[in-house]
Amino acid sequence: MVIRRVTQRQFLLRPDEATNDVYLYALAYCANEQQMRVTGFVAMSNHEHVCLEDPEGHVVEFYTLLHSLVARAMNLERNRFENFWSTEHTTLVRLVEPVDVLSAIGYTEANPVKANLVKFAKDWPGATSAGRHGGMKDGVVHIRVKKPKRFFSDDMPDELTLTIHKPRQFAA
């Protein structure tokens, strides 16, 4: 699980169309580039949680690229020039036991509820995997995301698929 705070805990990832578009596209791009299996995520106003499986050992490259893309794109959207992410290190939690995996996904998706921002996790207006697992077929849900009009280069795909996977420990 990857966790990172925004600088000074500002609400730079507040749930709006620009944030959702940028975050979902960047997450899809980085997960595809680094062969990550995303199992859950939420972009809160001042931090993120991403639960994933890293079969190829690329988690550092994944979150480095994700944080770079999100920071530069959101700074452009917010007309900012300073650091976007906190200078604290990215938190990386290794989930060993199946109960740890389920707990992390539950904690991640319930974060808006825990913060008393919504009554139900699926109602969070920001980027989240909450409420999407019910549509799983063969252990995956596919979310089509379009490239935001600003920041991302012309050589990046116009549309990507963000795939949410059922954790391997629970695959039938």
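The sections below set out a description of the structure shown in this document.

Here is what the cut-offs are and how they apply
Residues numbered from 1 in each chain as written. Predicted model: local features only at pLDDT ≥ 70, side-chain atom pairs only at ≥ 80, totals over all residues. Heavy atoms only, no water. Helix = DSSP H or I, 4+ residues; strand = E, 2+ residues; numbered from the N terminus. Rg over C-alpha atoms; globule rule 2.2 N^0.38 Å. Areas by Shrake-Rupley, 256 points an atom, 1.4 Å probe, with all protein chains shown as cover. Lys, Arg positive; Asp, Glu negative; His and termini not counted. Charge placed at Lys NZ, Arg CZ, Asp CG, Glu CD. Core = buried A, V, L, I, M, F, W, Y, C linked by side-chain atoms within 4.5 Å. Buried < 20%, exposed > 50% of the residue type's maximum accessible area, 1.4 Å probe, protein only. Contact = heavy atoms within 4.5 Å. Pairing = 2+ DSSP bridges. Expected span 1.5 Å × (residues − 1). Arc of directions from axis to C-beta. Salt bridge = Lys/Arg side-chain N within 4 Å of Asp/Glu carboxyl O.

## Considering the overall build of the protein chain
A count of helical and extended segments in the protein chain gives four helices and six strands. Each helix and strand of the protein chain, ordered N terminal to C terminal, gives the series β-α-β-β-α-β-α-α-β-β. Rg of the C-alpha trace for the protein chain: 15 Å, near the compact-globule value of 16 Å for 172 residues, within the 12% margin. Summarising its shape, the C-alpha atoms of the protein chain cover approximately 45 × 40 × 30 Å along the three principal directions. As displayed, the protein chain offers around 9100 Å² of accessible surface, 50% of which is attributable to carbon and sulfur atoms. Averaging the coordinates of the 21 positive side-chain charges in the protein chain and doing the same for the 21 negative ones gives two points 5 Å apart.

## Describing the nonpolar core
One finds Phe41 and Phe62 to be the most contacted residues of the largest nonpolar core, which totals 40 residues. Of all the secondary-structure elements, those providing two or more residues to this core are helix 1 (17-33), strand 2 (37-43), strand 3 (47-53), helix 2 (59-77), strand 5 (140-146) and strand 6 (159-165). Discounting chain neighbours no more than four positions away, the residues touching Phe62 are Leu27, Cys30, Ala31, Gln34, Met36, Val50 and Leu52. Counting residues in each nonpolar core, the second largest holds six residues, with Met1, Ile3, Val101 and Ala104 among its members.

## Quick notes on the pairing of strand 1 (residues 2-5)
Pairing between strand 1 and strand 3: four bridges, direction antiparallel. Across the sheet, Val2 pairs through a bridge with Val50, a residue of strand 3. In this sheet, strand 4 (residues 91-92) lies alongside strand 1 in antiparallel orientation, the contact comprising two bridges. Opposite Ile3, over in strand 4, you have Thr91 as the bridge partner.

## Focus: helix 2
Taking 1.5 Å per residue as the helical rise, helix 2 with its 19 residues ought to reach 27 Å, and the 26 Å between its terminal C-alpha atoms agrees with that figure. All of the buried residues in helix 2 are Val59, Phe62, Tyr63, Leu66, His67, Leu69, Val70, Ala71, Ala73, Met74 and Asn75. Summarising the contacts, the buried residues of helix 2 are in contact with strand 1, helix 1, strand 3 and strand 4. Phi turns positive one or two residues past the end of helix 2, at Asn79, with a value near 55°.

## Description of helix 3 (residues 98-109)
Over its twelve residues, helix 3 runs 17 Å from end to end, which matches the ideal 16 Å to within 8%, given 1.5 Å per residue. Within helix 3 the residues assigned to the buried category are Val101, Ala104, Ile105, Thr108 and Glu109. Buried residues of helix 3, seen end-on, are gathered within an arc of 120° and therefore sit on one face of the element. Next to the buried residues of helix 3 lie strand 2, strand 3 and helix 4 (111-114).

## Describing unusual backbone geometry
At Arg9, a residue that is not glycine, the phi angle is positive and equals roughly 55°. With respect to the helices and strands, the residue Arg9 is situated in the loop between strand 1 and helix 1. On the basis of relative accessible area, Arg9 is assigned to the partly exposed category, the value being 48%. The phi torsion at Phe151 lies on the positive side, around 80°, for a residue other than glycine.

## Section: the pattern of salt bridges
In the structure shown here, the tally under the stated rule is eight salt bridges. Put simply, Glu77 and Arg150 hold a salt bridge, and the shortest N to O gap is 3.9 Å. Of this pair, Glu77 sits in helix 2 while Arg150 sits in the loop between strand 5 and strand 6; the two residues are 73 residues apart in sequence, bridging distant segments of the chain. The class for Glu77 is partly exposed, based on a relative accessible area of 27%. Given the relative accessible area of 40%, Arg150 is considered partly exposed. Put simply, Asp123 and Lys122 hold a salt bridge, and the shortest N to O gap is 3.4 Å. Asp123 sits in the partly exposed class, given a relative accessible area of 39%. When salt bridges that share partners are traced, they join Arg37, Glu53 and Arg168 into one network.

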